[in-house]
Amino acid sequence: MESVNHLETSEMVLNMGPQHPSTHGVLRLVLKLDGERVKAVECVIGYLHRGVEKIGENRTYTQFAPYVDRMDYISAVSNGLGYCLAVEGLIGVEAPPRAQIVRVIFAELNRIASHLLWLGTSALDLGAMTALFYCLREREEVLKIFENYCGARLTTHAFRIGGLQYELHDTFEAETRAFSEMFKKRLDEYDQLLTNNPIWIERLKGVGILTAEECKSWGVSGPMIRAAGLAWDLRKAQPYSGYDQFDFDIPTRQGADSYDRYLVRIDEMRQSLRIIDQALEKIPSGAIMAKVPKVLKPPPGEVYVSIEAPKGELGYYIVSDGSLHPYRLRVRPPSFINLASLEKMAVGALVADVVAIIGTIDIVLGEVDR
Amino acid sequence: MATEAWEDSLSGHLHSKFAQAILKTESFRGQPFAETTPSEFHNVVVFLRDDHAFDYLCDLTALDYPKDEARFELVAILYSFTHNRRVRIKTRFPESFHPQSLSDVYLAANWLEREIFDMFGIHFAGHPNLKRILMPDDWQGFPLRKEVNILDMDQSWVQNNLGIESGQ
């Protein structure tokens, strides 16, 4: 008689997404499972591909600016800042000091908004429902500041090539100070809610480890690489837009796991508040726009300019042939490159951990797919 | 492009190590870049990683110059944590050439090369899983090649499917 081992398991292929609440958009994962353990994972992306780089080649430099807001729509201000800096680098123009400081304030407010949405949704994925309501309540205050400034809440298009289009509104300083005061206390509340919560720790500690060396090889940037102990932040390493005038720290952790990524992001919000407080004290008066020609025709050449976006290094590589349109406009998307490392981190994890890992990579599919 | 010569110890090392394979070392707006022959591209990147601590592949992308014999340009943007600086390494080659994959040097190159294949149709020799990543698997053509015109695509779709002029 043939002997059959009934305890042997067979591999199962599980399709997760693209319509799944914990994949934060239209990410599809093909999981190969041995019981609850993940043996291999393949990311299937591109559901939100709009051909942003191709559109860029068909628009003028000024026309393309609003499109960048639609990549990482959670932090549109950072996208706009990176694009404006890149084009300014290409035409050799620098925004006036007042515009630079205002840009820093908006970029940091946006970092807080982005991290808040991340915290709320990834906590929700892990069953901590309360955090979402608190986070969205605080994020609303930031969005109101954006709305009062430029009329838009998400796809702000707040900056222009060469500076700012709008002067600050009258209540800007008061609103931002009030937010900063309020948010400091709220951050402490989040600490009480989550940081020492046993379930939260149990779900995140030791999950999705990616060491500093692996981060470098995978090209991972942003809070993920800082949670692996590498104090690398482009705002310090290669300061832009006047970040060198501010006193702030780069939060790092050594654990390289999901829990440390959470702690790094919480600390980053505190540092953002420090920058905002300092910047409010020294907004210079003066012009908000540099002298930029109405019709932008950069000289033939190429630049790569990158900034520290909330999700990591966001870079623009623009090649000009001297015409009205970019010859090539490449976006270096942090989410896309960070997501690639999931195919490494998820191996050996439980299915439920995959949800936690996706959460703490902090992806936005608009930017992954572009 | 109004470039300046890139002359420092690193460009000197590149010239002395690879001699004829380094076609030019220039900089524009203070950002240095070197052009290599396509066959030595992989070796130059490995040399920069191993001997000069360029251990981070920021980005890998391509450009299309359809009028030229060597129509594709491959650009690797490298970063060194130790020296806190970036360099760009480029190479030009015709459509028939298959550059060697960098995925054995940097793991990040895996998806980036898939994206280049998807958008430009450049085949990387030795890539473990070279298939489309952003476009649908059955997509015809390579969108970021210059002969692909999105306005024509829009007009022909509207005419074929709706029977009207698109007005674009």
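Reading the values: rules and limits
- Residues numbered from 1 in each chain as written.
- Chains lettered and ligands numbered in written order.
- Predicted model: local features only at pLDDT ≥ 70, side-chain atom pairs only at ≥ 80, totals over all residues.
- Heavy atoms only, no water.
- Helix = DSSP H or I, 4+ residues; strand = E, 2+ residues; numbered from the N terminus.
- Rg over C-alpha atoms; globule rule 2.2 N^0.38 Å.
- Buried < 20%, exposed > 50% of the residue type's maximum accessible area, 1.4 Å probe, protein only.
- Contact = heavy atoms within 4.5 Å.
- Areas by Shrake-Rupley, 256 points an atom, 1.4 Å probe, with all protein chains shown as cover.
- Axes fitted to C-alpha atoms, helices over the stretch in contact; angles between N-to-C directions.
- pLDDT = per-residue confidence, 0-100.
- Salt bridge = Lys/Arg side-chain N within 4 Å of Asp/Glu carboxyl O.
- Buried area = accessible area lost by both parts, 1.4 Å probe.
- Polar contact = N/O pair within 3.5 Å; in protein donor to acceptor, adjacent residues only side chain to side chain.
- Expected span 1.5 Å × (residues − 1).
- Arc of directions from axis to C-beta.
- Pairing = 2+ DSSP bridges.
- Phe/Tyr/Trp six-rings, centres within 6.5 Å; stacked < 30°, edge-to-face > 60°.

### Quick look at the overall build of chain A
Counting its secondary structure elements, chain A contains 15 helices and eight strands. A compact globule built from 370 residues would reach a C-alpha radius of gyration of about 21 Å, and chain A, at 22 Å, matches this within 12%. If one aligns the C-alpha atoms of chain A with their principal axes, the spans along those axes are about 90 × 50 × 35 Å. Sorting the 370 residues of chain A into buried and exposed places 61% on the buried side. For chain A, contacts bridging at least 24 residues in sequence account for 71% of all contacts bridging at least 6. Counting only carbon and sulfur atoms, one obtains 54% of the accessible surface of chain A, whose full area is about 13,700 Å².

### Structural notes on the packing of helix 3 (residues 76-91) of chain A against helix 4 (residues 97-125) of chain A
Angle between the axes and distance between the axes: these two values describe a pair of packed helices. For the pair helix 3 of chain A and helix 4 of chain A, interaxial distance at closest approach is 8 Å and the crossing angle is 145°. Packed against helix 3 of chain A, whose contacting residues are A:Ala76, A:Val77, A:Ser78, A:Leu81, A:Cys84, A:Leu85 and A:Glu88, the element helix 4 of chain A presents A:Arg103, A:Phe106, A:Ala107 and A:Asn110 at the interface.

### So, the confidence of the model for chain B
When pLDDT is averaged across chain B, the result is 88; 99% of the residues are at 70 or more. When pLDDT is averaged over each element of chain B, strand 5 (residues 72-80) of chain B comes out on top at 93 and strand 1 (residues 4-5) of chain B at the bottom at 80.

### Quick notes on the pattern of salt bridges
The final tally for this structure, using the stated rule, is 48 salt bridges over all chains. Among the salt bridges present, the one from A:Glu141 reaches A:Lys144, with a minimum N-O distance of 3.8 Å. Residue A:Glu141 and its partner A:Lys144 are both found in helix 5 (residues 129-150); the two are separated by three residues, about one turn of the helix. A relative accessible area of 39% means that A:Lys144 is categorised as partly exposed. One salt bridge in this structure joins A:Lys216 and B:Asp55, with 3.5 Å as the shortest N-O distance. On the criterion of chain membership, the pair formed by A:Lys216 in helix 8 (residues 212-218) and B:Asp55 in the loop between helix 2 (41-52) and strand 4 (56-64) is interchain, its members lying in two chains. For the pair formed by A:Lys216 and B:Asp55, the shared burial category is buried. Within this structure, A:Glu108, A:Arg111, A:Arg226, A:Asp233, A:Arg235, A:Glu268 and A:Glu308 form a network of salt bridges that share partners.

### Focus: the interface of chain B and chain A
Every contact between the two is made by 46 residues of chain B and, on the other side, 51 residues of chain A. Here chain B and chain A share an interface that buries about 3,900 Å² over both sides, 55% of which is from carbon and sulfur atoms. When the area that chain B buries against chain A is broken down by residue, the three leading residues are B:Tyr56, B:Trp111 and B:Leu134, summing to 19%. At the junction of chain B and chain A, the tally comes to nine salt bridges. As a salt-bridge pair, B:Lys146 and A:Glu57 come within 3.2 Å of each other at their nearest N and O atoms. At the surface where chain B touches chain A, the tally comes to 30 residue pairs in polar contact (both at pLDDT 80 or more). The biggest single contributor to the side of chain B that touches chain A is strand 4 of chain B, with nine residues.

### Concerning helix 5 of chain A
Residue and element names in this part refer to chain A. Its 22 residues give helix 5 an end-to-end C-alpha distance of 32 Å, which sits within 8% of 32 Å, the value for a rise of 1.5 Å per residue. Every buried residue of helix 5 is accounted for by Ala131, Leu132, Cys135, Glu138, Arg139, Val142, Leu143, Ile145, Phe146, Tyr149 and Cys150. Buried residues of helix 5 fall within an arc of 150° about the axis and therefore sit on the same side. The exposed set on the far side of helix 5, more than 90 degrees from its buried face, consists of Met129 and Phe133. Lining the buried residues of helix 5 we find helix 3, helix 4, strand 5 (163-164) and helix 6 (172-195). Taken from the residues just after helix 5, Gly151 is the one with a positive phi, measuring 90°.

### Points about the side chain of A:Ser217
Checked against the element boundaries, A:Ser217 lands in helix 8. The exposure class of A:Ser217 is buried, given its relative accessible area of 18%. In this structure A:Ser217 touches B:Val105, B:Tyr106, B:Leu107 and B:Ala108, once residues within four positions along its chain are discounted.

### Some words on the sheet that holds strand 2 (residues 28-34) of chain A
Residues and elements named next belong to chain A. Reading across the sheet, the three strands line up as 1-2-3 and stay open at both edges, with antiparallel pairing between neighbours. Where the open sheet ends on each side, the last strands, each with one partner, are strand 1 (12-16) and strand 3 (37-44). Pairs of neighbouring strands in the sheet enclose a mean axial angle of 20°, with direction left out of account. By the bridge criterion, seven bridges tie strand 2 to strand 3 in an arrangement that is antiparallel. Note on strand 3: the bridge partner recorded for Asp34 is Arg37. Against the sheet, helix 14 (residues 351-361) touches strand 1, strand 2 and strand 3, its axis set at about 145° to strand 2.

### Some thoughts on the packing of aromatic side chains
Summed over the entire model, instances satisfying the criterion amount to 27 aromatic pairs over all chains. Centre to centre, the rings of A:Tyr259 and A:Tyr262 are 6.0 Å apart; their planes meet at 35°, and the pair counts as tilted. Taken together, the positions of A:Tyr259 and A:Tyr262, both in helix 11 (residues 258-281) and three residues apart, correspond to about one turn of that helix. The same class applies to A:Tyr259 and to A:Tyr262, which are both buried. With a centroid separation of 6.3 Å and 50° between ring planes, the pair formed by B:Phe72 and B:Phe93 is classed as tilted.

### Some points on the sheet that holds strand 5 of chain B
All names here are of chain B. The strand order across the open sheet formed by six strands is 1-2-3-6-5-4, and the pairing between neighbours is mixed. Taken across any chain shown, the strands that pair with only one partner, and hence form the sheet edges, are strand 1 and strand 4. Relative to strand 2 (residues 22-28), strand 1 runs antiparallel, the two being bridged by two bridges. The residue of strand 2 that forms the bridge with Ala5 is Glu26. Packed onto the sheet, helix 2 meets strand 2, strand 3 (31-36), strand 5 and strand 6 (85-93) and runs at close to 165° relative to strand 6.

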